[in-house]
Amino acid sequence: QGSSTYYAPNPRNALVVGDVTGDGIDDVVAGAPNADRGATPGVGKILVFDGSGAWSGTISPRATLDASKANQYANVSGVFLSSGLFVHDVTGDGVRDVLGVATESGAGGSIYVWKGGSGLSGTLDATARLRQQNYVKDDSMGNAAPGVGMLFVDFDRDGIDDVFAAAPFADLNG
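The following paragraphs examine the structure supplied in this document. (Residues numbered from 1 in each chain as written. Predicted model: local features only at pLDDT ≥ 70, side-chain atom pairs only at ≥ 80, totals over all residues. Heavy atoms only, no water.)

Quick look at the overall build of the chain now. The secondary structure content of the chain amounts to zero helices and 12 strands. The order of α-helices and β-strands along the chain, N terminus first, is β-β-β-β-β-β-β-β-β-β-β-β. Each of the 174 residues in the chain was classed as buried or not, and the buried ones make up 40%. Within the chain, counting contacts between residues at least 6 apart in sequence, those at least 24 apart form 51% of the total. As displayed, the chain has an accessible area near 8,700 Å², and 52% of this comes from carbon and sulfur atoms. (Helix = DSSP H or I, 4+ residues; strand = E, 2+ residues; numbered from the N terminus. Buried < 20%, exposed > 50% of the residue type's maximum accessible area, 1.4 Å probe, protein only. Contact = heavy atoms within 4.5 Å. Areas by Shrake-Rupley, 256 points an atom, 1.4 Å probe, with all protein chains shown as cover.)

As a further point, take the environment of Ile111. Position of Ile111 among the secondary structure elements: in strand 8 (residues 110-114). In this structure the C-alpha to C-alpha distance between Ile111 and Met150, which are 39 residues apart in sequence, comes to 9.6 Å.

The next thing to look at is the nonpolar core. If you look at the biggest cluster of nonpolar residues, it comprises 18 residues, and the most contacted ones within it are Val29, Leu65, Val98, Trp114 and Leu120. Among the elements of the structure, strand 4 (45-49), strand 5 (63-66), strand 6 (85-88), strand 7 (97-102) and strand 8 are those that each provide at least two residues to this core. Dropping the residues within four chain positions of it, Leu120 is found in contact with Val20, Val48, Arg62, Ala63, Leu65, Val98, Trp114 and Lys115. With eight residues, the next largest nonpolar core counts Phe86, Val90, Met150 and Phe152 among its residues. (Core = buried A, V, L, I, M, F, W, Y, C linked by side-chain atoms within 4.5 Å.)

Attention now moves to the sheet that holds strand 7. Reading across from one edge, 6-7-8-10 is the order of the four strands in this open sheet, with antiparallel pairing throughout. Unpaired on one side and paired on the other, strand 6 and strand 10 (128-130) mark the two borders of the sheet. Each neighbouring strand pair of the sheet contributes to a mean axis angle of 25 degrees, computed without reference to strand direction. (Pairing = 2+ DSSP bridges. Axes fitted to C-alpha atoms, helices over the stretch in contact; angles between N-to-C directions.)

All right, on to the pattern of salt bridges then. Per the counting criterion, the structure on display carries three salt bridges. Between Arg37 and Asp66 there is a salt bridge; the shortest N-O distance is 3.4 Å. On the criterion of sequence distance, the pair formed by Arg37 in the loop between strand 3 (27-32) and strand 4 and Asp66 in strand 5 is long-range, its members being 29 residues apart. Linking Asp93 and Lys115 is a salt bridge whose minimum nitrogen-to-oxygen distance equals 2.3 Å. Of the two residues, Asp93 is situated in the loop between strand 6 and strand 7 and Lys115 in the loop between strand 8 and strand 9 (122-125); the sequence distance between them amounts to 22 residues. You can call Asp93 partly exposed: its relative accessible area is 36%. (Salt bridge = Lys/Arg side-chain N within 4 Å of Asp/Glu carboxyl O.)

Here the focus is the packing of aromatic side chains. Tallied over the entire structure, the rule returns three aromatic pairs. Considering the side-chain rings of Tyr112 and Trp114, the 6.4 Å spacing of their centres and the 35 degrees angle between planes classify their relative orientation as tilted. Exposure class is identical for Tyr112 and Trp114. Each is buried. Between Phe155 and Phe164, the aromatic rings sit 5.6 Å apart at their centres with planes inclined by 75 degrees, giving edge-to-face as the arrangement. (Phe/Tyr/Trp six-rings, centres within 6.5 Å; stacked < 30°, edge-to-face > 60°.)

Let us now look at the environment of Val98. The residue Val98 is located in strand 7 in this model. In this structure the C-alpha to C-alpha distance between Val98 and Lys115, which are 17 residues apart in sequence, comes to 6.6 Å. Beyond its immediate sequence surroundings of up to four residues, Val98 is in contact with Val20, Val29, Ile46, Leu65, Leu85, Phe86, Val87, Tyr112, Val113, Trp114 and Leu120.

As for its placement among the helices and strands, Asp27 is situated in strand 3. Buried charge without a salt bridge: Asp27, with Arg62 as the nearest opposite-charge side chain at an N-O distance of 6.1 Å. Only 2.9 Å separates the side chain of Asp27 from the backbone nitrogen of Gly51, close enough to count as a polar contact. (Lys, Arg positive; Asp, Glu negative; His and termini not counted. Polar contact = N/O pair within 3.5 Å; in protein donor to acceptor, adjacent residues only side chain to side chain.)

Rendered as structure tokens:
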């Protein structure tokens, strides 16, 4: 329990199972990429269902993860070419964090991060927003071939995995 991460077999599915609350029991993390925020359509959100709860009847999410900086039709957690939802420890505290890719049409794309742990409850705004410098409209950061939109590797050897995100439509020459 809590030691593995399961990603839905179809990379476009926004469903991940892994311990993001730090209690040692796997949680269910589900994306709702077409969810509206008030009158703003298609912003998207992520729902965290506590793995330690009783699983019968209608289950309410432990946390609703929002990205207040996401624009209309950002589709947080839902991208077309790769997985839009990840759980991985990128803060170095030993607890998996939640990462959601947002296509953000016209804005180059973003990756939103919510810090995992016992505080992952209620309605939360993203802890961080990862963006590329000098992005160009429709670079599509985080959106690449199935399964490789993002990679996690300790590139700088500081003991914490770094985030590598593809931007398949970026033009290096401007």
